[in-house]
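Architecture and fold: a report
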Amino acid sequence: MSLIHHLVQRAARQRLSDLRTLVEQPALAQAWTLARILERAGLTRFGHDHDLERVRTHAEFRRAVPLRQPHALDPWWSRARR
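Residues numbered from 1 in each chain as written. Predicted model: local features only at pLDDT ≥ 70, side-chain atom pairs only at ≥ 80, totals over all residues. Heavy atoms only, no water.

The subject of this paragraph is the nonpolar core. Counting seven residues, the largest nonpolar core is built from L34, L38, A41, L52, V55, A64 and V65. Per-element tally for this core: the top contributor is helix 2 (residues 26-41), with three residues. Residues contacting A64, with those up to four places away along its chain left out, are H50, L52 and V55. (Core = buried A, V, L, I, M, F, W, Y, C linked by side-chain atoms within 4.5 Å. Buried < 20%, exposed > 50% of the residue type's maximum accessible area, 1.4 Å probe, protein only. Helix = DSSP H or I, 4+ residues; strand = E, 2+ residues; numbered from the N terminus. Contact = heavy atoms within 4.5 Å.)

Moving on, we come to the pattern of salt bridges. Under the definition given, this model contains three salt bridges. Of the charged contacts in the structure, one is a salt bridge between R45 and D49, with a shortest N-O distance of 2.9 Å. Of this pair, R45 and D49 both sit in helix 3 (residues 45-49), four residues apart, which is roughly one turn of the helix. The class of D49 is partly exposed, set by a relative accessible area of 35%. (Salt bridge = Lys/Arg side-chain N within 4 Å of Asp/Glu carboxyl O.)

Moving on, we get to the packing of aromatic side chains. By convention here, two paired aromatic rings are described through the distance between centres and the angle between planes. Throughout the structure, instances matching the rule amount to one aromatic pair. Between the aromatic rings of F46 and W76, the centroid separation amounts to 5.0 Å while the plane-to-plane angle is 75 degrees, which identifies the pairing as edge-to-face. On the criterion of sequence distance, the pair formed by F46 in helix 3 and W76 in helix 5 (residues 74-81) is long-range, its members being 30 residues apart. (Phe/Tyr/Trp six-rings, centres within 6.5 Å; stacked < 30°, edge-to-face > 60°.)

Attention shifts here to unusual backbone geometry. Backbone phi values are negative for most residues with the exception of glycine, while trans is the configuration of most peptide bonds. One non-glycine residue with positive phi stands out, namely D51, at about 55 degrees. Checked against the element boundaries, D51 lands in the loop between helix 3 and helix 4 (58-64).

Attention now goes to the packing of helix 1 (residues 3-24) against helix 2. It is at 5 Å that the axes of helix 1 and helix 2 come closest, and there the two elements cross at 110 degrees. Judged on the interaxial angle alone, helix 2 and helix 1 are roughly perpendicular. Between helix 1 and helix 2, the residues in contact are T21, L22, V23 and E24 and P26, L28 and A29, respectively. Classifying every residue of the contact of helix 1 with helix 2 by side-chain character gives five nonpolar, one polar and one charged. (Axes fitted to C-alpha atoms, helices over the stretch in contact; angles between N-to-C directions. Parallel < 35°, antiparallel > 145°, perpendicular 65-115°, else oblique. Nonpolar A, V, L, I, M, F, W, Y, C, P; charged D, E, K, R; others polar.)

Shown next as structure tokens:
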């Protein structure tokens, strides 16, 4: 077995293990997904306007970004289109 094959197989096993963990613990999967979204969104104008760099939990996200009508998002869509 080549070194490359061994390394790829090891990485695949680790990824499969990670995926199994996320399936068995959906709250962990959701927290991980939220963290990734916040990491990217925090760099946007919308993220800055809503202070997403400080948000760490779902409850904090709900407070920072309340539900609103779609037209209320027009200022950010307009900036994105420009």
